[in-house]
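Secondary and tertiary structure notes
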Amino acid sequence: PLQRAFFLVAGSAMNFLLAFVLMIIVVGAQGISQSSIYIASVEPSSPAADADWEPGDRIIEVAGVPVTGSGDITAHSREFADAPMSVVIERGGQRMDTTVTPRGNPPAGQGPTGVTISEVAVANLEVKSLTAESPLANSGLQAGDIIVSIAGQPITDAFKLQSALSAASDSTAPVVVKRGMEESTLDVAFPALDENGDMLGQLGLDLTVQPIFERVPLLQVIPTGIAQAWEQTGQMLGGLRDLFTGRAPLNQIAGPLGMGQATSEIVSASPLPLWVTLANLAILLSLNLALLNLLPLPALDGGRLLFVIIEILRGGKKVAPEREGVVHFTGLVLLVGAMVIIF
């Protein structure tokens, strides 16, 4: 039984190993990026609305712990289901202490607190090109400039830029840019901008997003890479739990077609080098395969492993092969049916 269990687990173990090794390579070569977590929208009459949260607020701390990714918020919301949770947000440069009570059984599609979260990498926003005779070009902005602030609001990521442009719409505001090693201030007369449209396009502006990475000391590369991969594994386990309990919508499940479409969209939108983007996708898919294949479902390795465990618990007495075969055949039929529907 132990030998059979070893071989049944071996496939998933190699998927885990591949993901962890790729993560270590990415961390060693690229470093660690920092992200800011923003509230993109708030549902009416939700716990977030009761806590006076607003779109554009940045979440800094949850339950006294600094937030490093959207997964932190999800994990704490599960932990504090139907119980008060302290959250520190930033609004207009000011820190605000708030309390929210995540719902243990939220309405479909709303989540425990009733917000949608936007996780944005901290980055430099460099002007790639701009239309001649646009307000920014007339003010002296040039290709290669890095936007530092607008109307005194620091521009540390793409979300901050959208917020600053919205606030500066139909007004004249100072824009600080970095050109080479020097900073200069430009007075820009912003036209009225449609916040629901492409504000950069309305300004004739095309930007390059350059995520800022922190180098990891050589001796910390392996433990940091393992920690990053382990964190992703935990987030996936939480996502699987939400799918089975109904907290997450089933439309988050994708087959080969959906994964191909997502890959195309991510590669075209990602500001990271292509190899880093593909490595991150490979990590995601490898962890997915490892976890899904270990689920105790008939026809999967996890289902066959379950019969081995039953055999061990019964003191070496096997389940009749024909009965086990019927279970796995039935599971295979259902699995193929589910694959067709998902596809």
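Please read all numbers here as calculations on a predicted model, not as lab measurements.

1. Digging into a nonpolar patch on the surface
On the surface, Met14, Leu17, Val21, Ile25 and Trp275 cluster together to form a nonpolar patch covering roughly 480 Å² of accessible area. No other element matches helix H1 (residues 2-30), which puts 4 residues into the nonpolar patch. Residue position: Val21 is located in helix H1.

2. Quick notes on the packing of H1 against helix H7 (residues 221-245)
Relative orientation of the contacting elements H1 and H7 amounts to 125°, with a least axis distance of 8 Å. It follows from the interaxial angle that H1 and H7 lie oblique. When the axes of H1 and H7 are compared, the crossing they make is right-handed. Residues Phe16, Phe20, Met23, Ile24, Val27 and Gly28 of H1 pack against Val221, Ile222, Thr224, Gly225, Ile226, Gln228, Ala229, Trp230, Gln232 and Thr233 of H7.

3. Digging into the pairing of strand E11 (residues 172-179)
The sheet contact formed by strand E9 (residues 146-150) and E11 spans 4 bridges and is antiparallel. If you follow Ile150 over to E11, its bridge partner there is Val175. Relative to strand E12 (residues 182-189), E11 runs antiparallel, the two being bridged by 8 bridges. In the strand pairing of E12, Lys178 is matched with Glu183. Once E11 ends, the chain turns through 2 residues before running back antiparallel as E12, passing Gly180 with a positive phi of about 70°.

4. What to know about unusual backbone geometry
In this model, Asp52 sits at a positive phi of 65°, which is unusual for a non-glycine residue. With respect to the helices, strands and loops of the structure, Asp52 is situated in the loop between helix H2 (47-50) and strand E3 (58-62). Relative accessible area serves as the criterion here: at 54%, Asp52 is assigned to the exposed category. Backbone geometry at Asp82 places phi at a positive 65°, although glycine is not the residue there.

5. Describing the layout of surface pockets
Reported here for the second largest pocket is a volume of approximately 270 Å³. Around the second largest pocket sit 17 residues that line it, and Gly56, Asp57, Gly92, Gln153 and Ser163 are the ones nearest its centre. Of all the secondary-structure elements, those providing two or more residues to the lining of the second largest pocket are strand E2 (35-42), strand E5 (85-91), strand E10 (153-154) and helix H5 (158-168). Residue classes in the lining of the second largest pocket are distributed as 6 nonpolar, 5 polar and 6 charged.

6. So, the side chain of Asp72
Locating Asp72 in the fold gives a position in helix H3 (residues 70-79). No salt bridge is formed by the buried Asp72, whose closest oppositely charged neighbour, Arg78, lies at an N-O distance of 9.8 Å. Setting aside its immediate chain neighbours within four residues, Asp72 contacts Pro66, Val67 and Glu231.

What counts as what
Along each chain, residues carry numbers from 1 onward, in the same order as the chain's sequence is written. Predicted model: local features are reported for residues with pLDDT of at least 70 only, side-chain atom pairs are reported and counted for 80 or more only, and whole-chain, interface and lining totals are derived from all residues. Side-chain measures were taken over the full set of non-hydrogen atoms in the model, leaving aside hydrogen atoms and water. Here a patch means residues that are over 30% exposed by relative accessible area and free of salt bridges, tied together within 9 Å if like-charged and within 5 Å if nonpolar (Val, Leu, Ile, Met, Phe, Trp, Tyr). Only the protein chains shown count as cover for residues, and all accessible areas are computed by the Shrake-Rupley method using a 1.4 Å probe. By definition here, a salt bridge exists when the distance from a side-chain nitrogen of Lys or Arg to a carboxyl oxygen of Asp or Glu is within 4 Å. In this text, helices come from DSSP runs of H or I with a minimum length of four residues, and strands from runs of E with a minimum of two, each type numbered from the N-terminal end. Lines fitted to C-alpha atoms define the axes, with helix axes restricted to the stretch in contact, and inter-axis angles between N-to-C directions lie between 0 and 180 degrees. Here the word oblique covers every angle except those under 35 degrees (roughly parallel), over 145 (roughly antiparallel) and from 65 to 115 (roughly perpendicular). For a crossing to be left-handed, the near helix must be turned anticlockwise from the far one by less than a right angle; the clockwise case is right-handed. Any two residues having at least one pair of non-hydrogen atoms within 4.5 Å are treated as being in contact. If DSSP finds at least two bridges between two strands, the strands pair. Here the term buried applies to any residue with accessible area under 20% of the maximum for its type, exposed to any over 50%, and partly exposed to those in between, with areas from a 1.4 Å probe on protein chains only. Grid points spaced at 1 Å over the protein atoms alone were grouped into cavities, where a 1.4 Å probe fits but cannot get out, and pockets, open sets with protein on both sides within 12 Å along at least five of seven lines, with lining residues defined by an atom within 4 Å of a point. Grid points are joined across faces, edges and corners, and a volume is the space filled by probe spheres set on the points. Residue polarity follows a fixed list, in which Ala, Val, Leu, Ile, Met, Phe, Trp, Tyr, Cys and Pro are nonpolar, Asp, Glu, Lys and Arg are charged, and the others, Gly among them, are polar. We count Lys and Arg on the positive side and Asp and Glu on the negative side, and we leave His and both chain ends out.

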